[in-house]
Amino acid sequence: MNILLGVNVDHVATIRNVRGTNYPDPTDVAIFAEKSGADGITVHVREDYRHINEKDAEKIAEKLQNKMNLEMANTKQMVELACRIKPKFCCLVPEKREELTTEKGLDLLKYSEEVFLSSKILSESGILVSLFIDPEKKQIDLAREIGVPFIEIHTGYYSDCIDKQRQIEELKKIKEAVKYARKNMLNVNAGHGLNYDNVQEIAKIDGIYELNIGHSIISRSIFFGISESIKKMKKLIIEAKKI
C-alpha cells in the first residue's frame, strides 16, 4: 500500500493574513488540493490564529469530500472546536506562542493525564485521535497506554539536520520508532519539515500510513502551482519504495 499524502494549507492563510484580505482563501486551495490528488487536508488552528482560524477550519471541514486532519493544542477551546466541526482526524500537538513552528513532540511523560482526558472526549465524539510525538520508545509506550489509534512521528530533527551523519542517526531513530509503534499495534503518520529533497528516505520506511507536508508544497506552488506540486510530491513518495 502506498503512503498517503496529507497536504497542510496553513501557509495559504499566512499569505492572506499578512495583508488582512479575504484572499487567498485556504478553503479554495484545500478543495483544489483534494482534486489534485491530496489524500487529506491538514490545518493547524493555533491559539493566536497566525494563519488558520476557527472559521477557516469550519469551512474546510464542511467543504471537503475526503478527510480533514485538525492539528490542535491540548486545550479546552480546541477540543470544543473539534467536537463541533468533527474532522475525521485530530492530531494533538505541543504549542507555544513564541515559536515559529512546532519545535518538538508532545511530552507524554509530563502531560499524559491531560492528553488522555482530551483524547477520550474526542474519541467519544467519533474523531480518530493522533499524538504528535518524538521518535522515542517511552513516548510510544505512553501513547499506547493512552489508547489512541494513531501517532505522528516528528520528523523535524531529521529534516533540519545540516550534518549528514547526524541526519543518518535521526533517520535511524525514526525507522526504529515506526517499527516499534507498529509492533505495538499503533498506526503511524509522520511529518514536519519534509520537502522534495528529503522526503524519499522517510517514504522508504515500511509501516508509515501517511505523511503530512505543507510548507514545502505551498512554497513550490508559487513557481509550479498547487496541482503540479502535489503531484510531484506524490510521485516522489511512490517512487521511494522502488529505490
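Treat the numbers as computed from the prediction; the structure is a model and nothing was measured.

Q: Would you mind going over the packing of aromatic side chains in detail, with residue names and values included?
A: Under the counting rule described, the total for this entry stands at three aromatic pairs. With a centroid separation of 5.1 Å and an interplanar angle of 90 degrees, the aromatic rings of F89 and F150 are classed as edge-to-face. Highlighted residues: F89 in strand β4 (residues 89-92) and F150 in strand β6 (residues 150-154), separated in sequence by 61 residues. The pair F89 / F150 is uniform in exposure class, with both members buried. Between F223 and F224, the ring centres sit 6.5 Å apart and the planes meet at 50 degrees, which makes this aromatic pair tilted. Overall, the relative accessible area of 70% leaves F223 in the exposed class. Seen from the ring of Y196, R220 lies directly overhead, with NZ or CZ sitting 5.0 Å from the centre. We note R220 situated over the ring of F224; from NZ or CZ to the ring centre the distance is 4.2 Å.

Q: Can you break down helix α1 (residues 10-19) residue by residue, with the values?
A: Because each turn of an α-helix spans 3.6 residues, side chains separated by three or four positions in sequence point in the same direction. Buried within α1 we find D10, V12, A13 and R16. Looking down the long axis of α1, one finds its buried residues gathered within 155 degrees of arc, a one-sided arrangement. Summarising the geometry of α1, the exposed residues directed more than 90 degrees from the buried face are V18 and R19. In this structure, the buried residues of α1 make contact with β1 (4-8), α2 (26-35), β2 (40-44), α3 (54-63) and α10 (215-224). Phi for G20, located one or two positions after α1, is positive at around 65 degrees.

Q: Requested: an account of the environment of L171, with residues and values cited.
A: Of note, L171 is situated in helix α8 (residues 164-183). Distance in space between the C-alpha atoms of L171 and P135 is 9.6 Å, their sequence separation being 36 residues. When near neighbours in sequence (up to four residues on either side) are disregarded, L171 contacts Y158, E201, I202 and I205.

Q: Help me get a handle on a nonpolar patch on the surface, residues and values and all.
A: On the surface, a nonpolar cluster with roughly 420 Å² of combined accessible area is contributed by I222, F223 and F224. In this fold, F223 is placed in helix α10.

Q: Tell me about the side chain of S36, residues and numbers included.
A: Locating S36 in the fold gives a position in the loop between α2 and β2. A relative accessible area of 7% means that S36 is categorised as buried. If near-sequence neighbours (up to four positions away) are discounted, S36 is found in contact with S227, I230 and K231.

Q: Break down the sheet that holds β4 for me, citing the residues and quoting the values.
A: Read around the closed barrel, eight strands run β1-β2-β3-β4-β5-β6-β7-β8, paired in parallel fashion. Along the sheet, successive strands turn relative to each other by an average axial angle of 25 degrees, direction set aside. Bridge count for strand β3 (residues 68-72) against β4 is four bridges, and the pairing is parallel. Bridging across to β4, E71 finds its partner in C91. The sheet contacts of helix α5 (residues 108-124) involve β3, β4 and β5 (128-133), and relative to β5 the element is tilted by about 160 degrees. Lying over the sheet, helix α6 (residues 137-146) contacts β5 and β6, oriented at roughly 160 degrees with respect to β5.

Q: Can you break down the nonpolar core residue by residue, with the values?
A: Within the largest apolar cluster, 69 residues are counted, with the highest numbers of intra-cluster contacts made by I41, L70, L131 and L211. Those residues in contact with I41 that sit more than four places away from it in its chain are V7, V9, A30, A33, E34, I60, L64, K67, M68 and N69.

Q: Quick rundown of the packing of α2 against α3? Include the residues and the values.
A: Two numbers describe how α2 lies on α3: the axes approach to 9 Å, and their chain directions differ by 30 degrees. Relative to α3, α2 is oriented roughly parallel. Crossing angle aside, the handedness with which α2 passes α3 is right-handed. Across the interface between the two elements, P26, T27, A30 and I31 of α2 pack against D56, K59, I60 and K63 of α3. Tallied by class, residues from the contact of α2 with α3 come to four nonpolar, one polar and three charged.

Rules and cut-offs
- Residues numbered from 1 in each chain as written.
- Predicted model: local features only at pLDDT ≥ 70, side-chain atom pairs only at ≥ 80, totals over all residues.
- Heavy atoms only, no water.
- Phe/Tyr/Trp six-rings, centres within 6.5 Å; stacked < 30°, edge-to-face > 60°.
- Helix = DSSP H or I, 4+ residues; strand = E, 2+ residues; numbered from the N terminus.
- Buried < 20%, exposed > 50% of the residue type's maximum accessible area, 1.4 Å probe, protein only.
- Lys NZ or Arg CZ within 6 Å of the ring centre and 35° of its normal.
- Arc of directions from axis to C-beta.
- Contact = heavy atoms within 4.5 Å.
- Patch = residues over 30% accessible without salt bridge, like charges linked within 9 Å, V, L, I, M, F, W, Y side chains within 5 Å.
- Areas by Shrake-Rupley, 256 points an atom, 1.4 Å probe, with all protein chains shown as cover.
- Salt bridge = Lys/Arg side-chain N within 4 Å of Asp/Glu carboxyl O.
- Pairing = 2+ DSSP bridges.
- Axes fitted to C-alpha atoms, helices over the stretch in contact; angles between N-to-C directions.
- Core = buried A, V, L, I, M, F, W, Y, C linked by side-chain atoms within 4.5 Å.
- Parallel < 35°, antiparallel > 145°, perpendicular 65-115°, else oblique.
- Left-handed = near helix turned anticlockwise from the far one by under 90°.
- Nonpolar A, V, L, I, M, F, W, Y, C, P; charged D, E, K, R; others polar.

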